[in-house]
Amino acid sequence: MNEPVRQSDASSRTVKAVSVADYIVERLAAEGIDHCFGVAGDYVFPICDAVDSSAKVKWIGCSNELNASYAADGYARIRGVAMLATTYGVGELSAINGVMGAKAERSLVFHIVGMPSYQNQRVRKIAHHTLGDGVFGNFVALSARAACCHAVIHPENCVVEMERVIAEARRNNQPAYIAVPSDYALSPVVSADVKPIVPRSNEAALQKAMAIIAERINKAKSIVVFPAFTISRLGLQKEAQKAIEALGCPFVTTLMEKCLIDEGHPQFGGMYAGAVSEAKTRQIVEGADLVLDLGGVNLNDITTAAYSGHLDLSRFITVGLDDVMIGDQVIPNVRLEDILSELAKLKPSSAPYKGKPQGLAPVNGRPSDKITMAALYPRYAAFLRAGDTVVLETGSSSLGVTPTILPDGVRVEAQVLWGSIGWATPAAFGVALADPRRRTILITGEGSHQLTANDIGAMGRFGANVIVFVLNNSGYLIERALEENPNWTYNDLAPWNYAELPKTLGCADWFTARVTTLGELDEAMKSARASKSGAYIEIMGGKMDMPPALAFAHGQLKAMYGDTP
């Protein structure tokens, strides 16, 4: 891809050089991208045209730029990389929240923005989508801050800058921002002799890090491994499992790593969440001589249940994406995948840890009973099966599902750190397109769903056969739980007829249902699973009926937010 390919025009018998737009699209296709999410706009038309004419990348039009950025995030979590295209100013700024969330949670999204032409920029023309001041760099700095690297592309630097940006985005596994003036996008690429840059470990640094890690392992009486969420972003789940099996010690996960490795694995020690962890899991983690953090576990207020754990960080060795931290010592230029490979070569000094596998929670309640959270979440666990990818919305959905043991072979995606409500619906769309061999299950609440529900139409349009569960509990339950007075009017919502949305949004062949009892829910779940197209189930729940983890948070407001002055 470094040498611009020439295309033949049979009608004129001429040969023309590849344009900047075509080069960018085809170069990113070579990274494993088959779809480009976005919203068209005049300044980004050349990129849209390049995608539409590409034999490798399909244009996926979303309802708005924010939805497109969420969908790209979901896609990147499965494929390892995604493409997002928006227009200058109004488009890119609408997408910036989703791109920033991808940065926070290490999803690699290439955000391509079409700018006004260089010719108009040069003479400072007053143009639409600007501040009317003749300045065209106002938004570059903003969008660039949502990424780990950026470039403004022109024909002469296109090949070189694309390789630099791709390499830096790969090194950090975070978004890259690529801005292209519209006239430059149509100009021929100037060739350059540049080879793709592949991040690799410095061999001496790798051996130094492994020598220290091996020494600490040999001295430790008890070890626990935290495989971090970044392992799934890089597609290193199998490598992480091999390393853990070689070590022979227990591993635990936080909410962010739910099902990263099957929970039926004999070395699984449970999900760690501070004071709400099971006693055995808490002892494994907080009592360990050595905590081996593989990938950089994120110990935030959600994953630690309002900072309720007792962790001694001096016992941690943290293997990041590109370095190793041991106390105050940092060893740079060491890649996570290489450490995992080296760990897999170790021989355990004792018999491997074997925990007692936990079964699925029993499904309870009579068919005529109203739906409660105590009965709902075990049903979700029983509904899921190997080959499903479940996307959880921020709030009660993620806090209700993640403490529940799920079947082996289930993949879980949730936006725990950034926590932007509305993320899950478009993200499920991106997840479904990224791997159509698996069934995508979306579990969301009505408050979050109202922000981005219009992309249900995009799911139907592009054949993403998602099963959607929407909990209707009369408002923002997560907000009600996170304050002393749950009844403020700003936590109320417009009462939508959710079950009618798919038909309204063009999904006429979807199975839909609105359920109020456990019997109705059980029958709807069977029909949803049997459906060959999408399915959408509206679940009627209690206004203040919340899962235990959220109820715990409601009692820990001072710990989370500080004392009221």
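All of these numbers come straight from a predicted model, not from anything done at the bench.

Focus on the sheet that holds strand 8 (residues 176-181)
- Taken in spatial order, the 6 strands of this open sheet run 4-3-5-6-8-7, and their pairing is parallel. The two strands at the open ends of the sheet, each matched to only one other strand, are strand 4 (58-61) and strand 7 (149-152). Strand after strand, the sheet turns through a mean of 25° between neighbouring axes, direction not considered.
- Running over the sheet, helix 3 (residues 65-79) touches strand 3 (35-38), strand 5 (82-87) and strand 6 (109-115) and is turned about 170° from strand 5.

Digging into the sheet that holds strand 19 (residues 467-472)
- Taken in spatial order, the 6 strands of this open sheet run 17-16-18-19-21-20, and their pairing is parallel. Edge positions in the open sheet fall to strand 17 (411-414) and strand 20 (511-515), since each of these has one partner strand only. In this sheet, adjacent strand axes meet at a mean angle of 15° when their direction is disregarded.
- Pairing between strand 16 (residues 388-392) and strand 17: 4 bridges, direction parallel.

Here's the deal with the packing of helix 3 against helix 16 (residues 424-434)
- Packing of helix 3 against helix 16 brings their axes to within 7 Å, and their N-to-C directions diverge by 40°. When the axis of helix 3 is compared with that of helix 16, the two are oblique. Here the hand of the crossing between helix 3 and helix 16 comes out right-handed. Here N67, Y70, A71, G74, Y75, I78 and R79 of helix 3 come into contact with helix 16, specifically with P426, A427, F429, G430, V431, L433 and A434.
- Per-class residue counts for the contact of helix 3 with helix 16 are 10 nonpolar, 3 polar and 1 charged.

Here's the deal with the pairing of strand 20
- With 5 bridges connecting them, strand 20 and strand 21 (residues 535-540) associate as parallel partners. Along strand 21, the bridge assignment pairs T512 with Y536.
- With respect to chirality, the unit in which strand 20 leads through helix 21 (residues 518-530) into the neighbouring parallel strand 21 is right-handed.

Description of the confidence of the model for the protein
- The pLDDT averaged across the protein works out to 93; a share of 96% of its residues lies at or above 70.
- Low pLDDT, under 50, characterises residues 5-15; the stretch is placed with 12 contacts to residues that sit more than four places away or in other chains.

Observations concerning the environment of A427
- Inspection of the secondary structure assignment puts A427 in helix 16.
- Exposure remark for A427: the relative accessible area of 1% places this residue in the buried category.
- Between the C-alpha atom of A427 and that of R77, which follows or precedes it by 350 residues, the distance is 9.3 Å.
- Beyond its immediate sequence surroundings of up to four residues, A427 is in contact with Y70, A71, G74 and V391.

A look at the environment of S53
- Its location among the elements puts S53 in the loop between helix 2 (45-52) and strand 4.
- On the basis of relative accessible area, S53 is assigned to the exposed category, the value being 56%.
- On a C-alpha basis, the gap between S53 and D22 in space is 8.8 Å, while along the polypeptide they are 31 residues apart.

Quick word on the state of the cysteines
- By the definition in use, this model includes 0 disulfides.
- Summary of cysteine pairing: C158 is not part of a disulfide, and the nearest cysteine sulfur, belonging to C149, is at 14 Å.
- Residue C507 stays outside any disulfide, its sulfur separated by 14 Å from that of C62, the closest cysteine.

Some words on the pairing of strand 12 (residues 290-294)
- Counting buried positions along strand 12 yields 5 of 5 residues, so the element is predominantly enclosed.
- Along strand 12, one buried face is formed by L290, L292 and L294 and the opposite face, lined by V291 and D293, is buried too.
- Examined bridge by bridge, strand 9 (residues 223-227) and strand 12 share 5 bridges and lie parallel to one another. Bridge pairing in strand 12 links V225 to L292.
- In the sheet, strand 12 pairs with strand 13 (residues 316-319) via 4 bridges, with the strands oriented parallel. Its bridge partner lying in strand 13, D293 is registered against T318.

A word on the pattern of salt bridges
- Taken as a whole, this structure holds 28 salt bridges when the rule is applied.
- A salt bridge links R335 to D322; its shortest N-O distance comes to 3.2 Å. Placement of the pair is R335 in the loop between strand 15 (329-332) and helix 13 (336-343) and D322 in the loop between strand 13 and strand 14 (323-326), with a sequence separation of 13 residues. We note that R335, like D322, is buried.
- Taken together, the salt bridges that share partners define one network made up of D73, R77, E105, R233, R411 and E413.

A word on helix 2
- Within the span of helix 2, buried status applies to P46, I47, C48, A50 and V51.
- Buried residues in helix 2 make contact with helix 1 (20-29), strand 3, strand 4, strand 5, strand 6 and helix 8 (182-185).

Quick notes on unusual backbone geometry
- A positive phi angle, near 60°, is found at R106, a position not held by glycine.
- Summarising the element assignment, R106 is placed in the loop between helix 4 (90-104) and strand 6.
- For R106, a relative accessible area of 25% translates into the label partly exposed.
- Even without being glycine, Y307 reaches a positive phi, approximately 60°.

Observations regarding the packing of aromatic side chains
- Evaluated as defined, the whole model comprises 14 aromatic pairs.
- Ring centres of F37 and F429 lie 6.1 Å apart, and the angle between their planes is 85°; on these two criteria the pair is classed as edge-to-face. One end of the pair, F37, is in strand 3; the other, F429, is in helix 16, with 392 residues separating them in the sequence.
- F37 sits in the buried class, given a relative accessible area of 0%.
- Measuring from ring centre to ring centre gives 6.1 Å for Y43 and Y88, while their planes differ by 80°; the resulting arrangement is edge-to-face. Taken together, the residues span a long stretch of sequence, with Y43 in the loop between strand 3 and helix 2 and Y88 in the loop between strand 5 and helix 4 at a distance of 45 residues.
- Connected via pairs of aromatic rings, a cluster forms that spans F37, Y75, F429 and F462.
- One cation-aromatic arrangement involves R529 over F383; the distance from NZ or CZ to the ring centre is 4.4 Å.

Remarks on helix 14 (residues 373-383)
- Counting buried positions along helix 14 yields 9 of 11 residues, so the element is predominantly enclosed.
- For helix 14, the complete set of buried residues consists of M373, A375, L376, Y377, P378, R379, Y380, A381 and F383.
- Buried-residue contacts for helix 14 involve strand 16, helix 15 (396-401), strand 18 (439-445), strand 19, helix 21 and strand 21.

What counts, and at which threshold
Residues numbered from 1 in each chain as written. Predicted model: local features only at pLDDT ≥ 70, side-chain atom pairs only at ≥ 80, totals over all residues. Heavy atoms only, no water. Pairing = 2+ DSSP bridges. Helix = DSSP H or I, 4+ residues; strand = E, 2+ residues; numbered from the N terminus. Axes fitted to C-alpha atoms, helices over the stretch in contact; angles between N-to-C directions. Contact = heavy atoms within 4.5 Å. Parallel < 35°, antiparallel > 145°, perpendicular 65-115°, else oblique. Left-handed = near helix turned anticlockwise from the far one by under 90°. Nonpolar A, V, L, I, M, F, W, Y, C, P; charged D, E, K, R; others polar. Right-handed = clockwise from strand over helix to strand, strands pointing away. pLDDT = per-residue confidence, 0-100. Buried < 20%, exposed > 50% of the residue type's maximum accessible area, 1.4 Å probe, protein only. Disulfide = S-S within 2.5 Å. Salt bridge = Lys/Arg side-chain N within 4 Å of Asp/Glu carboxyl O. Phe/Tyr/Trp six-rings, centres within 6.5 Å; stacked < 30°, edge-to-face > 60°. Lys NZ or Arg CZ within 6 Å of the ring centre and 35° of its normal.

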